[in-house]
Amino acid sequence: ITFPAIATKIYGTSFNLNPNASSSLPISYSVVSGPATAAGNVVTITGVGRVEIAANQTGTSNYSAAKQVTRSFMVIKAAQKIAAFSHIAATTIVAAPFTITLPTSNSGRPVSVRVKSGPATIFGNTVTLKGKVGTVILEATCASDANHLAAPEVTTSFVVK
């Protein structure tokens, strides 16, 4: 079995294995260790860390079984991206508390929003003005976890008149 090296992979992806066998007999794959699954020749990454894959080939009446070949590779954290805020129109200092649509992350992980600066507070997705004029800047963040990098912050602003 000729089983080429496997490059570093990113969490949440899958890829095909393409070893060759001099006998042209089918090759089966299994995950020896690490955060991945193998089905047919497709490997699906399920976590971050080191993965070891084994390639096996049984023999026939014409060919002996091939010696097992293993390859290991690293899986790194996936990047996260936060979608842009929906537009927030300018408002007046006497406006009642209002709700905004919170941005989402491409990972599906929760996004936190806070007032970075300006005359307002936010709780959940409800913005309350502080009765002053100025520009409010909201900041959205999404923290890292075992499988994802922290997302770069996304901001939006609106004017309070």
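Residues numbered from 1 in each chain as written. Predicted model: local features only at pLDDT ≥ 70, side-chain atom pairs only at ≥ 80, totals over all residues. Heavy atoms only, no water.

Engineer: What exactly am I supposed to notice about the overall build of the protein here?
Structural biologist: A count of helical and extended segments in the protein gives 0 helices and 13 strands. Its helices and strands in sequence order give the protein the pattern β-β-β-β-β-β-β-β-β-β-β-β-β, from N to C terminus. What you see for the protein is a C-alpha radius of gyration of 26 Å, clearly larger than the 15 Å of a compact globule of 161 residues, by over 25%. With the C-alpha coordinates aligned to their principal axes, the bounding extent of the protein is approximately 85 × 20 × 20 Å. Among the 161 residues that make up the protein, the fraction classed as buried is 34%. Taking as baseline every contact in the protein between residues at least 6 positions apart, the subset at least 24 positions apart corresponds to 58%. Accessible surface, the protein as shown: approximately 9,000 Å² in total, 53% of it carbon and sulfur. When the 12 basic and 4 acidic side-chain charges of the protein are each reduced to a single mean position, those positions are 4 Å apart. (Helix = DSSP H or I, 4+ residues; strand = E, 2+ residues; numbered from the N terminus. Rg over C-alpha atoms; globule rule 2.2 N^0.38 Å. Buried < 20%, exposed > 50% of the residue type's maximum accessible area, 1.4 Å probe, protein only. Contact = heavy atoms within 4.5 Å. Areas by Shrake-Rupley, 256 points an atom, 1.4 Å probe, with all protein chains shown as cover. Lys, Arg positive; Asp, Glu negative; His and termini not counted. Charge placed at Lys NZ, Arg CZ, Asp CG, Glu CD.)

Engineer: Even after reading the chapter, I still don't get unusual backbone geometry, so can you show me in this structure?
Structural biologist: Among all residues save glycine, negative phi is the norm, and among peptide bonds the norm is trans. Even without being a glycine, S24 presents a positive backbone phi close to 65 degrees. Locating S24 in the fold gives a position in the loop between β2 (14–16) and β3 (28–33). The exposure class assigned to S24 is exposed, which follows from its relative accessible area of 66%.

Engineer: Is there a simple way to explain the sheet that holds strand β11 (residues 126–129) in this structure?
Structural biologist: Note: strands within a sheet are paired through backbone hydrogen bonds, in either parallel or antiparallel orientation. Across the sheet, 3 strands lie side by side as β8-β11-β10; this open sheet has antiparallel pairing. Strand pairing shows two members of the sheet lacking a second neighbour, β8 (98–99) and β10 (120–123), which therefore form its edges. Taken together, the 4 bridges between β10 and β11 define a ladder with antiparallel strand orientation. Looking across to β11, one finds that T121 is bridged to T128. (Pairing = 2+ DSSP bridges.)

Engineer: Sorry if this is basic, but what is going on with the pattern of salt bridges here?
Structural biologist: Where charged atoms from two side chains of opposite charge approach closely, those side chains can pair. Here the structure, examined in full by the defined rule, presents 4 salt bridges. Its salt-bridge partner being E139, residue R114 comes within 2.6 Å of it at the nearest N-O pair. With R114 in strand β9 (residues 112–117) and E139 in strand β12 (residues 134–141), this residue pair connects regions lying 25 residues apart in the sequence. Since its relative accessible area comes to 42%, R114 is described here as partly exposed. Its salt-bridge partner being E153, residue K116 comes within 2.7 Å of it at the nearest N-O pair. In this pair, K116 sits in strand β9 while E153 sits in the loop between β12 and β13 (154–160), placing the two residues 37 residues apart along the sequence. (Salt bridge = Lys/Arg side-chain N within 4 Å of Asp/Glu carboxyl O.)

Engineer: When you look at the packing of aromatic side chains in this model, what are you seeing that I'm missing?
Structural biologist: The description of two aromatic rings rests on the distance between their centres and on the angle between their planes. In total, this model carries 3 aromatic pairs according to the counting rule given. Taking the centre distance of 5.6 Å and the plane angle of 85 degrees together, the rings of F15 and F73 count as edge-to-face. Of the two residues, F15 sits in strand β2 while F73 sits in strand β7 (residues 69–76), which places them 58 residues apart along the sequence. Like F73, F15 is buried. (Phe/Tyr/Trp six-rings, centres within 6.5 Å; stacked < 30°, edge-to-face > 60°.)

Engineer: Would you take a moment to explain a nonpolar patch on the surface for this structure?
Structural biologist: A cluster of nonpolar side chains, contributed by I93, V94 and V133, occupies part of the molecular surface with about 290 Å² of accessible area. Tracing the chain through its elements places V133 in the loop between β11 and β12. With a relative accessible area of 56%, V133 lands in the exposed category. (Patch = residues over 30% accessible without salt bridge, like charges linked within 9 Å, V, L, I, M, F, W, Y side chains within 5 Å.)

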